[in-house]
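Topology and contacts: notes
Here is how the chains run, residue by residue.
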Amino acid sequence: MTIALIIFLLIVLIIAFKSIKIVRQAEVYIIERLGKFHKIADAGLTIIIPFVDHVRSVVSLKEQTMDIPPQGVITEDNVTITIDTVVFYQITDPAKAVYEIQSLKRGIEYLAITTIRDIVGKLSLDSTFSSRDLINNQLRVLLDEATDKWGCKVNRVEIKDINPPADIRDAMEKQMNAERNKRAAILQAEGEKQAAITLAEGQKQAAILQAEADKEARIRRAAGEAEAIREIAVAKAQEVQMVFDSIKKTNPDDKLIQLKSLEALQEIAKGEANKVFIPFEATNTLSSLGAIKEIVKKD
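Residues numbered from 1 in each chain as written. Predicted model: local features only at pLDDT ≥ 70, side-chain atom pairs only at ≥ 80, totals over all residues. Heavy atoms only, no water.

A few points about the nonpolar core
To be explicit about the condition: In plain words, nonpolar cores are sets of buried Ala, Val, Leu, Ile, Met, Phe, Trp, Tyr and Cys residues tied together by side-chain atoms within 4.5 Å. Any residue under 20% of the maximum accessible area for its type is buried, any over 50% is exposed, and the rest in between are partly exposed; the area is computed with a 1.4 Å probe on protein chains only. Here a strand is any run of E in DSSP of at least two residues, a helix any run of H or I of at least four, and the numbering for each starts at the N terminus. We call two residues in contact when some of their heavy atoms are within 4.5 Å.
In this structure, I81, I83, V87 and L104 are the most contacted members of the largest nonpolar core, which totals 33 residues. Only β2 (27-33), β6 (64-74), β7 (80-91), α2 (94-99), α3 (104-120), α5 (132-147) and β8 (152-163) provide two or more residues apiece to this core. Dropping the residues within four chain positions of it, I81 is found in contact with Q71, G72, V73, T75, V120, L125, T128, I162, N163, P164 and P165. In terms of nonpolar packing, the next biggest core, distinct from the first, is built from 5 residues, V23, Y29, I31 and I48 among them.

Next up, the structure:
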């Protein structure tokens, strides 16, 4: 009796172990009943019928990564390069991921390899290095479309490394050094050009300022000379007026007036900047004085 009870309890435990399933978070169980898809068991406690139901597969719903083995790819300009890629994907329909393809990971890997060769084969070597974002985006779009029927979502594709052959790498390094030297020479030439322009502009401004200073000096000097001439003319006019007033007070005759006029002309003519124009009447007076001088000599 005791042995029978133990066997019974053992059978119960085995049935309970087979019946009760605990599904972890971010995972689902694909349950088959008699070899046919039955249901998808979500996270938590799940009870199945022993020997009738069977857990076909445990599927993770977390985002997963897949390293694509480095692949040799020929570019448009016939250069063989090695590309190392990683794919980020997530299963959105566990049933399709299990029943629509034999191996989801292998399918994604093969698709990624063929797609990389197709995309890079249309690009030159330089374009391959400078168009990583474009290649990544095209890979993601094409892989996402192809894996949609497998219940998979490709979120991101990243090219980890691009390795050209050793001789191409050496040539690229030499080209880079040449470009660097070229840029340095251009920058130096631009600096010297800018310095020369700045120096010329400074000399030009200095010449303009010097010319303006000379012009201002000449204007001031001319103004001073004009002011001096004006003051001299005023002084001479005052002297003439004084002579005229003194002669007028003495009530002179014509000879004395002519003589005083000549004396005034003589004083006016002493100025360096004065130009004296002798009127016709003054020449008559000079002629008269010459005649008087001749008569006196004869006497």
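On we go from here.
Things to note about the confidence of the model for the chain
Quick note on the threshold: Confidence of the predictor in every single residue is expressed as pLDDT, which spans 0 to 100.
Here the chain averages 81 in pLDDT, and 80% of its residues register 70 or above. Confidence over residues 289-299 falls short of pLDDT 50; this stretch has 1 contact with residues more than four positions distant or in other chains.

Observations regarding the sheet that holds β2
Cut-off, in case you're wondering: Only strands that DSSP links by at least two bridges are regarded as paired with each other. Each axis is a line fitted through C-alpha atoms, and for a helix only the stretch in contact is used; angles between axes span 0 to 180 degrees, taken between their N-to-C directions.
In space, the 3 strands of this open sheet follow the order β3-β2-β5, with antiparallel pairing throughout. Of all the strands in the sheet, the pair left with one neighbour each is β3 (36-41) and β5 (53-60). When strand polarity is set aside, the average angle formed by the axes of neighbouring strands in this sheet is 25°. Summarising the sheet, β2 and β3 pair through 5 bridges and their orientation is antiparallel. Bridged to Y29 within β3 is A41.

As for unusual backbone geometry
In this structure, F51 is a non-glycine residue whose phi angle is positive, near 65°. Phi is positive for N78, close to 60°, though the residue is something other than glycine. Following the sequence through the fold, N78 ends up in the loop between β6 and β7.

Things to note about the packing of aromatic side chains
The criterion, for reference: Ring geometry is summarised as follows: Phe, Tyr and Trp rings, the Trp one being its six-membered ring, pair when their centres sit within 6.5 Å, and such pairs are stacked at plane angles under 30 degrees, edge-to-face over 60 and tilted between the two. Placement of a positive charge over a ring is assigned whenever Lys NZ or Arg CZ falls within 6 Å of the ring centre and within 35 degrees of the normal to the ring plane.
Overall, the coordinates contain 1 aromatic pair when judged by the stated rule. With a centroid separation of 5.7 Å and an interplanar angle of 75°, the aromatic rings of F37 and Y99 are classed as edge-to-face. Residue F37 is found in strand β3, and its partner Y99 is found in helix α2; the two are separated by 62 residues along the sequence. For F37, a relative accessible area of 37% translates into the label partly exposed. A relative accessible area of 33% places Y99 in the partly exposed class. The ring of F17 is capped by K21, whose NZ or CZ atom sits 5.6 Å from the centre of that ring. Positioned over the ring face of F88 is R156, at 4.2 Å from the centre of the ring.

A short note on the pattern of salt bridges
To keep things clear, this is the line we draw: Salt bridges are defined as contacts in which a side-chain nitrogen from Lys or Arg sits within 4 Å of a carboxyl oxygen from Asp or Glu.
Taken as a whole, this structure holds 10 salt bridges when the rule is applied. The salt bridge partner of E216 is R220, with a shortest N-O separation of 3.2 Å. Taken together, the positions of E216 and R220, both in helix α6 (residues 166-250) and 4 residues apart, correspond to about one turn of that helix. We classify E216 as partly exposed; its relative accessible area is 37%. Two residues, E227 and R230, come together in a salt bridge whose shortest N-O distance is 2.5 Å. Here R230 and E227 lie together in helix α6, a separation of 3 residues that amounts to about one turn. Taking relative accessible area as the criterion, E227 reaches 33% and is therefore assigned partly exposed. With relative accessibility at 46%, the residue R230 sits in the partly exposed group.

Thoughts on the pairing of β6
Remember that side chains alternate between the two faces of the sheet whenever the strand is regular. Pairing between β6 and β7: 9 bridges, direction antiparallel. Residue pairing across strands places T65 opposite F88, the latter belonging to β7.

Structural notes on the packing of α3 against α5
Selection criterion: An angle below 35 degrees is read as roughly parallel, one above 145 as roughly antiparallel, one from 65 to 115 as roughly perpendicular, and any other as oblique. Definitions for this section: a left-handed crossing has its near helix turned counterclockwise from the far helix by less than a right angle. A right-handed crossing has that turn clockwise. Charged means Asp, Glu, Lys or Arg here, nonpolar means Ala, Val, Leu, Ile, Met, Phe, Trp, Tyr, Cys or Pro, and polar covers whatever is left, Gly included.
Orientation of α3 relative to α5, taken along the N-to-C sense of each, is 135°, at an axis distance of 10 Å. On the basis of their axis angle, the class for α3 and α5 is oblique. Judged by the sense of rotation from one axis to the other, the crossing of α3 with α5 is right-handed. Where α3 abuts α5, its residues I108, L111, A112, T115, I116, I119 and V120 lie against I135, Q138, L139, L142, L143, A146 and T147. Of the residues belonging to the contact of α3 with α5, the class tally is 11 nonpolar, 3 polar and no charged.

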